[in-house]
Amino acid sequence: MIEQNEEAHIVNTASLAGLLTGGSLYGATKTAVVSLSETVHLELVEGGRKPRISVLCPGLVDTKIYLSQRNRPARLSDAGTIPPGWSADEARHSFQKFGTRPRTIGNEVVRAIHEERFYVLTHPEYKEHIKHRMDCILTNENPTRLPPPGT
């Protein structure tokens with residue numbers, strides 16, 4: 001893309017877990033995607049390169065990923081396709097009830113590309129959680145969790 005010297009846009013998909021405290025391995029990998037995206041953004045802008053980049057940090061999206069076996073190796077076929085303690089029906093219900101439709105997320109990504117917006121936050125109800133984490137960092141306080149929005 002750089003060599004073509006034409007307008008282009010990269011969208012890396014992370015998660016709200018990349019901006020919040022917790023999530024162990026999942027959160028760590030999503031935080032890495034956010035950090036890598038931030039670094040590439042700076043390199044592109046400071047280098048006067050045309051490609052732009054955004055990082056998508058959605059909350060729950062109704063993708064039905066927990067119900068999918070398509071990318072699971074056969075040796076892990078019985079290893080937690082849904083969150084521990086949930087039934088397939090509970091996972092399906094939670095995604096359908098609380099998950100944002102993929103088309104809604106896609107439309108927000110398209111808007112972000114047109115606006116050259118770096119952070120694509122699709123669940124504004126979590127902004128206070130992100131702010132809380134940043135406040136803890138800046139004031140050197142131990143991280144704490146806020147209750148989920150709407151509780």
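Thresholds applied
- Residues numbered from 1 in each chain as written.
- Predicted model: local features only at pLDDT ≥ 70, side-chain atom pairs only at ≥ 80, totals over all residues.
- Heavy atoms only, no water.
- Helix = DSSP H or I, 4+ residues; strand = E, 2+ residues; numbered from the N terminus.
- Contact = heavy atoms within 4.5 Å.
- Pairing = 2+ DSSP bridges.
- Patch = residues over 30% accessible without salt bridge, like charges linked within 9 Å, V, L, I, M, F, W, Y side chains within 5 Å.
- Areas by Shrake-Rupley, 256 points an atom, 1.4 Å probe, with all protein chains shown as cover.
- Salt bridge = Lys/Arg side-chain N within 4 Å of Asp/Glu carboxyl O.

**Q** So, the environment of P149: which residues are in play, and what are the values?
**A** Among the structural elements, P149 can be located in the segment after α4 (127-138). Put simply, P149 and Y126 are 23 residues apart on the chain and 6.8 Å apart in space, counted from C-alpha to C-alpha. When near neighbours in sequence (up to four residues on either side) are disregarded, P149 contacts E125, Y126 and H129.

**Q** Which residues make up the pairing of strand β1 (residues 9-13), and what values go with them?
**A** Pairing geometry for β1 and strand β2 (residues 52-56), over five bridges, is parallel. From the neighbouring strand, V11 faces β2, where its bridge partner is S54.

**Q** Quick one: what's the story with a nonpolar patch on the surface, residue by residue and with numbers?
**A** Residues M134, I137 and L138 make up a contiguous nonpolar surface patch of roughly 320 Å² in combined accessible area. Relative to the elements of secondary structure, I137 occurs in helix α4.

Honestly, that's just the spatial picture; any functional story needs more than this.
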